[in-house]
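Close look at the chain arrangement
One letter stands for each residue in the lines below.
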Amino acid sequence: MKTIIEPFKIKSVEPIKFTTVAEREEILRQGGYNIFMVPAEDVVIDLLTDSGTSAMSADQWAGIMRGDESYAGARSFYRFQDKVRELTGLKHIIPVHQGRAAERILFAIAGGPGKVVPNNAHFDTTRANIEFSGAQAVDLPTAVGVDPDAMDDFKGNINIPALREFIEKTGAENIPLCMITITNNSGGGQPVSMQNIREAKEVCKEHGIPLFFDACRFAENAYFIKLREPGYADRSVKSIVREMFSHVDGATMSAKKDAIVNIGGFIAINDDELALKARNMLIITEGFPTYGGLAGRDLEAIAIGLEEVLDEHYLQYRIRSTAYLGEKIVAAGVPILQPPGGHAIYINAKKFVPHVPPERFPGQSVTVELYRHGGIRGCEIGSVMFGRRDKEGKFIPAAMELVRLAIPRRVYTQSHIDYVVEAIIEVYRNRDKLPGYRIIEEPPLLRHFTAKFEPIV
Ligand SMILES: *Cc1c(COP(=O)(O)O)cnc(C)c1O
């Protein structure tokens with residue numbers, strides 16, 4: 001059979017509230033044309049993020065009831081620890097309430113002034129936590145990885161020659177660890193090859209630098225390796241995951257992604273001394289080392305989710321349904337960042353509305369129209385988020401003007417995706433009429449969350 005179906009039946013449903021175009025226009029006006037200001041109830045299909053928005057399985061919900069809420073040494077902790085150890089082979093497993101808590105703890109102990117941390121591309125919270133510690137975060141993507149139109153199997157790879165050069169220039173003593181983000185979220189959800197992981201490890205090992213994963217989407221990355229890298233087609237995803245982790249000395253993870261839960265995360269480290277420091281920090285800010293800011297039931301649900309995410313029927317459906325959305329809109333001429341990533345499709349707004357210049361926010365224009373027209377919520381990743389002004393007040397645009405459509409795990413069916421495809425194509429046909437925007441009110445930091453806009457008509 002060729003047809004790939006959702007590998008689950010639906011036991012519990014959440015109704016979708018339908019709104020009219022006129023109602024959504026009013027909602028947009030009320031919220032200052034900022035999609036973060038739209039109440040989730042008024043969204044038809046919510047593709048704002050894949051983080052913490054997954055649907056848990058019947059087994060995970062049963063796990064929620066089984067969760068052991070003992071303060072110390074809860075049964076649920078041991079189950080969680082065993083599962084993370086089984087997959088990563090790493091020694092010390094430290095639960096935290098979400099990914100950025102893992103980052104804050106790791107860089108509080110390993111970062112600091114004078115230190116520099118390289119990555120294929122830092123996620124924004126990772127970069128923020130490194131910089132908050134006083135250290136510097138450096139991205140080392142490959143040339144093909146930053147070309148939105150280039151077709152390549154592993155656009156998430158870290159640039160190995162650049163990493164070598166970077167270490168020689170910076171001095172290994174100033175590099176507390178090197179990271180690889182799998183899949184590369186900031187680079188479009190693109191995977192990293194096993195060969196690249198192996199080579200990065202060799203370079204790091206030569207200089208005595210520990211290698212860490214930002215492991216949020218480790219299962220999606222492993223499935224891409226199975227599909228695309230020679231020699232892995234007949235391997236189980238679990239064995240690929242174990243091989244990936246065999247090359248690293250530690251990892252941070254947001255369980256809100258590939259552990260298919262709504263909250264949680266962990267740090268995993270081999271080094272005894274670093275683990276001791278991390279646990280000391282954990283007790284001050286998160287909780288006792290056997291719950292780390294989570295309830296016992298959360299640990300139980302994570303342990304189950306980490307097994308379910310390796311189901312190859314699930315991963316086939318997951319990766320195909322994202323690609324399906326990408327392929328359908330590309331066939332209608334819609335420009336996207338190629339090829340489709342694991343968790344999201346990124347519309348190239350610069351090409352979608354070429355008449356809207358970067359200082360009028362093309363990504364914002366497309367984002368607002370997708371909501372107005374179809375009730376679909378995407379996320380602008382462009383000059384609203386990353387644009388700035390220099391000292392003379394001159395506008396400096398973001399490198400790319402994108403609209404991210406992130407797919408929550410196990411939440412939407414193919415007909416929901418077909419609806420999204422139809423809406424995007426209709427918006428695209430009408431693209432000449434989309435206005436640019438100007439900011440009429442903005443906070444000093446992270447303006448994309450709360451800024452108010454006005455269409456320029
Ligand atoms: C989501 C994410 C994080 C941060 O995790 P939170 O749970 O949102 O704090 C870090 N790195 C990557 C690659 C992510 O996608």
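The preceding data block contains the structure.
Residues numbered from 1 in each chain as written. Predicted model: local features only at pLDDT ≥ 70, side-chain atom pairs only at ≥ 80, totals over all residues. Heavy atoms only, no water.

This brings us to empty space enclosed by the protein. Taken as a whole and assessed by the stated rule, the structure comprises 2 cavities of 30 Å³ or more. Taken as a whole, the largest cavity encloses approximately 90 Å³ of empty space. Contributing to the lining of the largest cavity are Asn34, Ile35, Phe36, Gln364, Thr367, Gly378, Cys379, Glu380, Val384 and His448. Mapped by element, the contributors of at least two residues to the lining of the largest cavity are helix H14 (362-374) and strand S11 (379-381). A class-by-class count of the residues in the lining of the largest cavity yields 4 nonpolar, 5 polar and 1 charged. Looking at the second largest cavity, its volume works out to about 40 Å³. Considering the residues around the second largest cavity, the lining is formed by Val84, Leu87, Thr88, Ala215, Phe218, Phe245, Met253, Phe266 and Leu306. The leading source of residues in the lining of the second largest cavity is helix H3 (residues 75-88), at 3 residues. (1 Å grid on protein atoms, 1.4 Å probe; cavity = no way out; pocket = protein on both sides within 12 Å on 5 of 7 lines; lining within 4 Å. Points joined across faces, edges and corners; volume = space filled by probe spheres on them. Helix = DSSP H or I, 4+ residues; strand = E, 2+ residues; numbered from the N terminus. Nonpolar A, V, L, I, M, F, W, Y, C, P; charged D, E, K, R; others polar.)

Next up on the list: the nonpolar core. Core analysis: the largest hydrophobic core is formed by 63 residues, its most contacted members being Phe213, Phe218, Met244, Phe245 and Leu306. In terms of residue count, helix H8 (residues 218-228) provides more of this core than any other element does, 6 residues in total. Domain assignment of the residues forming this core places at least three in each of domain 1 (21-50 + 312-456) and domain 2 (58-308). (Core = buried A, V, L, I, M, F, W, Y, C linked by side-chain atoms within 4.5 Å. Buried < 20%, exposed > 50% of the residue type's maximum accessible area, 1.4 Å probe, protein only. Domains from an automatic or database assignment.)

Okay, the layout of surface pockets next. Size it by volume and the second largest pocket reaches roughly 1400 Å³. Lining the second largest pocket are 36 residues; nearest its centre among them are Ser12, Glu14, Ala55, Arg410 and Val411. Element by element, the count of residues in the lining of the second largest pocket is highest for helix H2 (residues 58-66), at 3 residues. Residue composition of the lining of the second largest pocket, by class: 18 nonpolar, 8 polar and 10 charged.

Next up on the list: the environment of tyrosine 71. Note on placement: tyrosine 71 falls in the loop between H2 and H3. Its relative accessible area of 55% is what places tyrosine 71 among the exposed residues. Put simply, tyrosine 71 and phenylalanine 352 are 281 residues apart on the chain and 53 Å apart in space, counted from C-alpha to C-alpha. Apart from residues lying up to four places away in sequence, tyrosine 71 is in contact with Phe288, Thr290 and Tyr291. (Contact = heavy atoms within 4.5 Å.)

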